[in-house]
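Understanding the architecture of this molecule
As a plain string of letters, each chain reads:
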Amino acid sequence: MPKVSVVVASFEHARFVRQSIESVLKQSFQDFEIIVTDDGSRDGTAEAVRSAFPEVRLIALPENRGYAGGNNAGMRASLAAGAR
């Protein structure tokens, strides 16, 4: 069980999600999971995450729930928070 869950909420930002994930992976602290919540993007965000980062948990939401909605979905899925 990871100590920390890092949630990256995204909507129509495929080009920035990769940079965000790579930045997190470069940290010296390594006891974490990364969760990307995609708010129904049509720019290929979910596909890019699945392809480039198979170790990242992807929550593909059917619609844009906004920043808070995306983060809440990620935290509900979080292993560090005790979700199953």
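See the structure printed just above.
Since the structure is predicted, the reported quantities are computational estimates derived from the model, not experimental observations.

**Concerning the sheet that holds strand E3 (residues 57–61)**
Spatial strand order, E1-E2-E3: three strands in an open sheet with parallel pairing. On the outer flanks of this sheet lie strand E1 (4–10) and E3, each paired with one strand and no other. On average, each strand axis in the sheet is tilted by 20 degrees relative to the strand beside it, whichever way the strands run. Pairing geometry for E1 and strand E2 (residues 32–39), over seven bridges, is parallel. Bridge pairing links Val 6 to Ile 34 in E2. Relative to E3, helix H2 (residues 45–52) is tilted by about 165 degrees, and along the sheet it contacts E1, E2 and E3.

**Re helix H1 (residues 14–25)**
The end-to-end C-alpha separation of H1 is 17 Å, in line with the 16 Å expected for twelve residues at 1.5 Å each. Restricting attention to buried positions, one finds in H1 the residues Val 17, Ile 21 and Val 24. One face of H1 carries all of its buried residues, which in axial projection span an arc of 65 degrees. More than 90 degrees from the buried face of H1, the exposed residues found are Arg 15 and Gln 19.

Thresholds, definitions, all that
- Residues numbered from 1 in each chain as written.
- Predicted model: local features only at pLDDT ≥ 70, side-chain atom pairs only at ≥ 80, totals over all residues.
- Heavy atoms only, no water.
- Pairing = 2+ DSSP bridges.
- Helix = DSSP H or I, 4+ residues; strand = E, 2+ residues; numbered from the N terminus.
- Axes fitted to C-alpha atoms, helices over the stretch in contact; angles between N-to-C directions.
- Contact = heavy atoms within 4.5 Å.
- Expected span 1.5 Å × (residues − 1).
- Buried < 20%, exposed > 50% of the residue type's maximum accessible area, 1.4 Å probe, protein only.
- Arc of directions from axis to C-beta.

Note that every value here comes from positions in space, so none of it alone points to a role or purpose.
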